[in-house]
Amino acid sequence: MKTNRRCRALLAVSLNLMALLFSTTAFITTHWCEGTQRVPKPSCGKEKKTNCLNYGGNETANETNQNVVHYSWETGDDRFLFRYFHTGIWYSCEENINAAGEKCRSFIDLAPASEKGVLWLSVVSEVLYIMLLVVGFSLMCLELFHSSSVIDGLKLNAFAAVFTVLSGLLGMVAHMMYTQVFQVTVSLGPEDWRPHSWDYGWSFCLAWGSFTCCMAASVTTLNSYTKTVIEFRHKRKIFEQGFREEQNFLDQEAIKYFRERSEEERAEAGDLRLQCLHSCSPN
């Protein structure tokens, strides 16, 4: 029983550690959602020769004279670029079309004013989710490596299960609130940021993978607690039943002993009486 309980505890610790690593990684990365944004092509210049609008004529004169009217034969989507972007809880980064690399801006500033409160609730819930995971992980490690008795281990097991379940619920609420804020921002956010197409990224998958591992850890911990309690009750029942049977056996043996003893005493008393009669009778 001790080996099985230790294996279940080790499995719960491993699942909780995975949930903690996944949630922390998702919280600090910027790939919750990713896709493309449609932006106008910049004007061609000395440093920009591709993916730009070439209006023809003297480029130097066009750059110096702001009153020159520019004409281009490109229409429709040919006038636009589709740049890659990815967004997290803290930052939204998009491809820099004028230079190499990316440029990032705060996603909290991009969110509509009506959704900033929900976004901050999502951030607070994510932080509490990670903190409760740390508490649950600490209790599970304490129960696995430092519990001196089974009763103390059961108490730590119960508290770890409660904290893990609470963290899982907070994580689920946080993920759903962020999804709601992002979808509203797609519709009501700044025009220069609104995505042309988007989908969920690997950080989003990590976040829900963390939730799955968290709930699996809580179920494993509760299962370990329940099985241990049931095994103790079963052993106690067997012990009490064996104690009653042994006590009944001892009572029967005692009754048998006293009955045999009384019969022997009666027989001895009868023999003494007969001896007395023989000794007292006249010759």
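Going by an unreviewed UniProt entry, the protein carries the name Germ cell-specific gene 1-like protein and comes from Urocynchramus pylzowi. Its UniProt record gives the protein a comment under Sequence similarities (unreviewed entry), which states: "Belongs to the GSG1 family."

1. Structural notes on the UniProt feature "transmembrane region" (unreviewed entry) in the protein
Residues given the UniProt feature "transmembrane region" (unreviewed entry) here are residues 127–146, 158–180 and 200–226. Here residues 200–226 is 93% helix and 4% strand, with 38 Å between the C-alpha atoms at its ends.

2. A look at a nonpolar patch on the surface
A contiguous nonpolar surface patch, about 320 Å² in accessible area, is contributed by Val124, Val127, Leu128 and Met131. For valine 127, the position within the fold is in helix H4 (residues 116–145).

3. A look at the state of the cysteines
According to the stated counting rule, one finds 1 disulfide in the structure shown. Summary of cysteine pairing: cysteine 214 is not part of a disulfide, and the nearest cysteine sulfur, belonging to cysteine 213, is at 8.8 Å.

4. Examining the pairing of strand S4 (residues 102–106)
Relative to S4, strand S3 (residues 91–95) runs antiparallel, the two being bridged by 5 bridges. Bridge pairing in S4 links serine 92 to arginine 105. The antiparallel pairing of S3 with S4 creates a hairpin that spans 6 residues between the two strands, and glycine 101 there sits at a positive phi of about 95°.

5. Brief notes about the packing of aromatic side chains
How two aromatic rings sit relative to each other is set out by the distance from centre to centre and by the angle between their planes. Applying the stated criterion across every chain yields a total of 13 aromatic pairs. Here tryptophan 208 and phenylalanine 211 contribute two aromatic rings whose centre-to-centre distance is 5.5 Å and whose plane-to-plane angle is 85°, an arrangement assigned as edge-to-face. A residue pair is termed a helical-turn pair when its members lie 3 or 4 positions apart in one helix, as tryptophan 208 and phenylalanine 211 do in helix H6 (residues 202–280) at 3 residues. Among the residues examined, phenylalanine 211 registers a relative accessible area of 16% and is labelled buried. Ring pairs connect the aromatic residues Trp32, Phe85, Phe107, Tyr178, Phe182, Trp193, Trp198, Tyr200, Phe204, Trp208 and Phe211, which therefore count as one cluster.

6. Observations concerning the side chain of histidine 31
Mapped onto the elements, histidine 31 comes out in the loop between helix H1 (2–28) and strand S1 (33–40). One polar contact links histidine 31 to glutamate 34, side chain to side chain, over a distance of 3.3 Å.

7. Looking at the pattern of salt bridges
All chains considered together, the criterion is met by 2 salt bridges. When the shortest N-O distance is used, the salt bridge between arginine 105 and glutamate 94 registers 3.1 Å. Here arginine 105, found in strand S4, pairs with glutamate 94, found in strand S3; they are 11 residues apart in sequence, far enough to count as distant. Between aspartate 192 and arginine 105 there is a salt bridge, and its shortest N-O distance comes to 3.2 Å. Here arginine 105 lies in strand S4 and aspartate 192 lies in the loop between helix H5 (150–188) and strand S5 (197–200), a separation of 87 residues in the sequence. One network of salt bridges, in which partners are shared, links Glu94, Arg105 and Asp192.

8. What to know about the environment of threonine 220
Here threonine 220 shows up in helix H6. Among the residues examined, threonine 220 registers a relative accessible area of 13% and is labelled buried. Taking C-alpha positions, threonine 220 is 9.0 Å from leucine 15, a pair spaced 205 residues apart along the chain.

9. Focus: the environment of leucine 222
Among the structural elements, leucine 222 can be located in helix H6. Using a relative accessible area of 42% as the deciding quantity, one classes leucine 222 as partly exposed.

10. Here we look at the nonpolar core
If you look at the biggest cluster of nonpolar residues, it comprises 28 residues, and the most contacted ones within it are Trp32, Phe107, Leu119, Tyr178, Phe182 and Trp193. Going through the elements one at a time, H1, helix H3 (107–110), H4, H5 and H6 are the ones with two or more residues in this core. Looking at this core, the element that brings in the most residues is H6, giving 6 residues. Not counting residues within four places of it along the chain, the set of residues in contact with leucine 119 comprises Phe107, Ile108, Ala111, Tyr178 and Val181. Counting 11 residues, the second largest nonpolar core, distinct from the first, contains Met140, Cys141, Leu144 and Ala217.

Analysis parameters
Residues numbered from 1 in each chain as written. Predicted model: local features only at pLDDT ≥ 70, side-chain atom pairs only at ≥ 80, totals over all residues. Heavy atoms only, no water. UniProt positions renumbered as here; feature names shortened; annotations may be inferred. Helix = DSSP H or I, 4+ residues; strand = E, 2+ residues; numbered from the N terminus. Patch = residues over 30% accessible without salt bridge, like charges linked within 9 Å, V, L, I, M, F, W, Y side chains within 5 Å. Areas by Shrake-Rupley, 256 points an atom, 1.4 Å probe, with all protein chains shown as cover. Salt bridge = Lys/Arg side-chain N within 4 Å of Asp/Glu carboxyl O. Disulfide = S-S within 2.5 Å. Pairing = 2+ DSSP bridges. Phe/Tyr/Trp six-rings, centres within 6.5 Å; stacked < 30°, edge-to-face > 60°. Buried < 20%, exposed > 50% of the residue type's maximum accessible area, 1.4 Å probe, protein only. Polar contact = N/O pair within 3.5 Å; in protein donor to acceptor, adjacent residues only side chain to side chain. Core = buried A, V, L, I, M, F, W, Y, C linked by side-chain atoms within 4.5 Å. Contact = heavy atoms within 4.5 Å.

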